[in-house]
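Fold and contact review
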Amino acid sequence: MSFGKRAIVALVAGLLIATATVSTGNAAAKPAATSVRFGIQDEATRFVVELSAAVGFHIFTLPDPYRVVIDMSEVAWRLPSETADTGNGIVSGFRYSLFRPGTTRIVLDVTKPVRVKRSFLLPPSDKQGHRFVLDLEPVTTATFDDEARLAAIATPEFRPDIPLAAIATPEFRPDIPVVKPPAPAGDAPHVGRRVVVIDPGHGGVDPGAIGSGGTREKAVALAAALEIKEQLEATGRYKAVLTRDRDTFVRLRDRVAMAREAGADLFISIHADSIGSSKVNGASVYTLSKDASDKEAAKLAAKENKADIIAGVNLAHENPEVTDILISLAQSESINEGARFANMLIGELRRATSTLQKSHRSAGFAVLMAPDVPSVLVEMGYLSNPTEEKNLKSKAHRRKMAAAVVKAVDSYFAHHDQLSRS
Ligand SMILES: [Zn+2]
C-alpha cells in the first residue's frame, strides 16, 4: 500500500517538476518592462510601458470602483526604484502582478468612468525600445456601461500562447486602434452580438472520463465545443468564446473567470460521462445548486470538480465552505436563468439524441459558479456505452447536437428580448 502511495507522490512530483521546467524556460525569453510613465493631453491620459520586446495584450474596464485592466504577455518588471505608483490625470494609481503563468496583469485605478481611446504597440525607434501605449478619456457613466461590454466583445482575445512574432508582424500599424469602435446602437433591446462562452471540459493532463473503447472525454468535449462555436457564430448573432481551443489544462476557477471577463451572457460547459454500466446512455444537463437534486448528481459534481486535483493544482487551502459562500454569492436570478436555459436545451436535445430520464438536475459544480452568468453543464452522453461512444466520435452526430444547442440558445435569448421589451 505504501508503495502505491509513493508511486502517486512521485508521479505528482514529476508533473510539478515538468511544469516548473517549462516556466523557467519561458522566463528566459520574457520581455522586460523597464519604465512606466503617464502623459496628459487635454482630457486624455496616456499610459506608456517601455518594453524590451513586443507583447500581446488585452484590455478591459471594470466599474465599482472604475478600473482599467491590461493583461499582457508575462513580463519581468525592471522598473527604476523611484517609480511612483500614484498615476496621473484620471489615473489615480496602478499596480501589477503575475496573473497566471504567461500573463502579467496591470490594473489602473481611475477617478471616473473612462473609455480606451487607443491602445497599441510602438516598434523600437532610434531612441526608444518597444512601447505599449494606452490612451484613456473620460466618458459618462451611461456611455461607460454601454461600451465596457462592447469593448470586451470587440477586442481580440488575449492569447499568451501565440508566439510574439505573430503579434508583432510587419503589417502592424500603430496608427490603427486595436480596440474597434462600438457598433452603432439600434432599436433592438440588445446591441451587438451576445457572448456565449463554451467550456470544453478537462484537457491536458486531465483526460476526464475514458470510454469503453479508450475515447477521452477531453477530446470529444473539445470537438463538440468547436462545432458549437462554429454554428453559433455562423448565425451572426453570437460571439462564441472558448475557454480552451486545444488540448491544454485550464483550472476550473479560470474557466469561470474567463466567462466573466468575456462579459458572457451564457456559459455552457461541455462534458461526457462514464460509469460502470455499459447500458446507461443519454444526455443530461446540470445547473448549479448548493443542495444536489440527487445522489448521482452530487457524485458527478464531485467527479467533475476533481479536475484541478488531477492536474496537480493545490486546493489544500480551499475548504468546502468556499463552495457554500460562492453559491450564496450567486444571484438567484442567474441560477433561475440557467435553469430556464437548461430546460430549453433538454427540449432540443430530446429531439436530437437520447436523453436520461431525469435529464435536468443540479449540484455544486465548481465550473458553474460565475455569480452573474447563467451557466449550465451538459453531459453529452456516456462514453461507457459503446454506441454513445461511437456517436460522440462522429462529426455528424456532434453537428446534430450543436444544432440543438444553437436552437436552445436562440429560444433562450428570444425569450429574454421579449421580457425586456414588455
Ligand atoms: Zn467531465
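Preceding this paragraph is the structure being described.
Residues numbered from 1 in each chain as written. Predicted model: local features only at pLDDT ≥ 70, side-chain atom pairs only at ≥ 80, totals over all residues. Heavy atoms only, no water.

With mixed pairing, the six strands of this open sheet are ordered in space as E11-E10-E12-E15-E13-E14. At either margin of the open sheet sits one strand with a lone partner, and together these are strand E11 (238–242) and strand E14 (355–363). Within the sheet, the average angular offset between the axes of one strand and its neighbour, ignoring direction, is 20°. Here strand E13 (residues 283–288) runs beside E14; their pairing, made up of five bridges, is parallel. Bridging across to E14, Ala-283 finds its partner in Thr-355. Helix H6 (residues 295–305) rests against strand E12 (266–273), E13, E14 and strand E15 (375–382) of the sheet, and its axis sits at about 65° to E14. (Pairing = 2+ DSSP bridges. Helix = DSSP H or I, 4+ residues; strand = E, 2+ residues; numbered from the N terminus. Axes fitted to C-alpha atoms, helices over the stretch in contact; angles between N-to-C directions. Contact = heavy atoms within 4.5 Å.)

Okay, helix H5 (residues 252–261) next. For H5, the set of buried residues is Leu-252, Asp-254, Arg-255, Val-256, Ala-259 and Glu-261. A positive phi of about 70° marks Gly-263, the residue just after H5. (Buried < 20%, exposed > 50% of the residue type's maximum accessible area, 1.4 Å probe, protein only.)

Within the structure shown, the criterion is met by 22 salt bridges. The partner of Arg-194 in a salt bridge is Asp-417, and the shortest N-O contact between them spans 2.4 Å. Taken together, the residues Arg-194 in strand E10 (residues 194–200) and Asp-417 in helix H11 (residues 395–421) connect sequence positions 223 residues apart. For the pair shown, Arg-194 and Asp-417 are each scored as buried. With its nearest N and O atoms 2.7 Å apart, the salt bridge here joins Arg-255 to Asp-199. (Salt bridge = Lys/Arg side-chain N within 4 Å of Asp/Glu carboxyl O.)

What follows concerns the sheet that holds strand E2 (residues 44–51). Spatially, five strands are ordered E5-E1-E2-E9-E8 in an open sheet, and the strand pairing comes out mixed. The open sheet is flanked by strand E5 (76–77) and strand E8 (114–122), the only strands paired with a single partner. Examined bridge by bridge, E2 and strand E9 (residues 130–138) share seven bridges and lie antiparallel to one another. The partner of Arg-46 across the bridge, within E9, is Asp-135.

This next bit is on the packing of helix H10 (residues 386–393) against H11. Their axes nearest at 5 Å, the elements H10 and H11 cross at an angle of 80°. When the interaxial angle is binned, H10 and H11 end up roughly perpendicular. On H11, the residues touching Asn-391, Leu-392 and Lys-393 of H10 are Lys-395, His-397, Arg-398 and Met-401. Its residues assigned to classes, the contact of H10 with H11 comprises two nonpolar, two polar and three charged. (Parallel < 35°, antiparallel > 145°, perpendicular 65-115°, else oblique. Nonpolar A, V, L, I, M, F, W, Y, C, P; charged D, E, K, R; others polar.)

Moving on: the packing of aromatic side chains. Overall, the coordinates contain 11 aromatic pairs when judged by the stated rule. What links up through ring pairs into an aromatic cluster is the set Phe-38, Phe-47, Trp-77, Phe-94 and Tyr-96. (Phe/Tyr/Trp six-rings, centres within 6.5 Å; stacked < 30°, edge-to-face > 60°.)

One finds Ile-198, Ile-268 and Val-409 to be the most contacted residues of the largest nonpolar core, which totals 38 residues. Elements with a minimum of two residues in this core: E10, helix H4 (217–234), E11, E12, E13, helix H9 (332–352), E15 and H11. Among the elements that take part in this core, H11 stands out by supplying nine residues, more than any other. Sequence-distant contacts of Val-409, defined by excluding residues within four places in its chain, comprise Val-196, Leu-232, Tyr-238, Leu-266, Ile-268 and Phe-341. Counting 30 residues, the second-largest nonpolar core is a separate cluster that includes Phe-38, Phe-47, Val-49 and Val-68. (Core = buried A, V, L, I, M, F, W, Y, C linked by side-chain atoms within 4.5 Å.)

Coordination of the zinc ion by the protein is provided by His-202 (NE2), Glu-217 (OE), His-271 (ND1), Glu-304 (OE) and Glu-304 (OE), with metal-donor distances spanning 1.9 to 2.4 Å. On the primary sequence, the residues serving as donors to the zinc ion are separated as H-x14-E-x53-H-x32-E. A residue pair is termed long-range when its members are at least 10 positions apart, and His-202 in the loop between E10 and H4 and His-271 in strand E12 qualify at 69 residues. (Donors = N, O, S within 2.8 Å, 3.2 Å for Na, K, Ca; no water.)

Let us now look at the environment of Gly-282. With respect to the helices and strands, Gly-282 occurs in the loop between E12 and E13. Put simply, Gly-282 and Tyr-382 are 100 residues apart on the chain and 6.7 Å apart in space, counted from C-alpha to C-alpha. Setting aside residues up to four positions removed in sequence, Gly-282 forms contacts with Ser-354, Thr-355, Leu-356, Gly-381, Tyr-382 and Glu-388.

Attention now moves to the packing of H4 against H11. Interaxial distance between H4 and H11 falls to 9 Å at its minimum, and their mutual angle equals 50°. Of the possible angle classes, the one that applies to H4 and H11 is oblique. Crossing of H4 against H11: the hand is right-handed. For the pair H4 and H11, contact is made by Val-220, Ala-223, Ala-224, Glu-227, Ile-228, Gln-231 and Leu-232 and by Lys-395, Arg-398, Arg-399, Ala-402, Ala-403, Val-405, Val-406 and Val-409, respectively. Taken together, the residues of the contact of H4 with H11 break down into 10 nonpolar, one polar and four charged. (Left-handed = near helix turned anticlockwise from the far one by under 90°.)

Shape descriptors only; they carry no functional weight alone.
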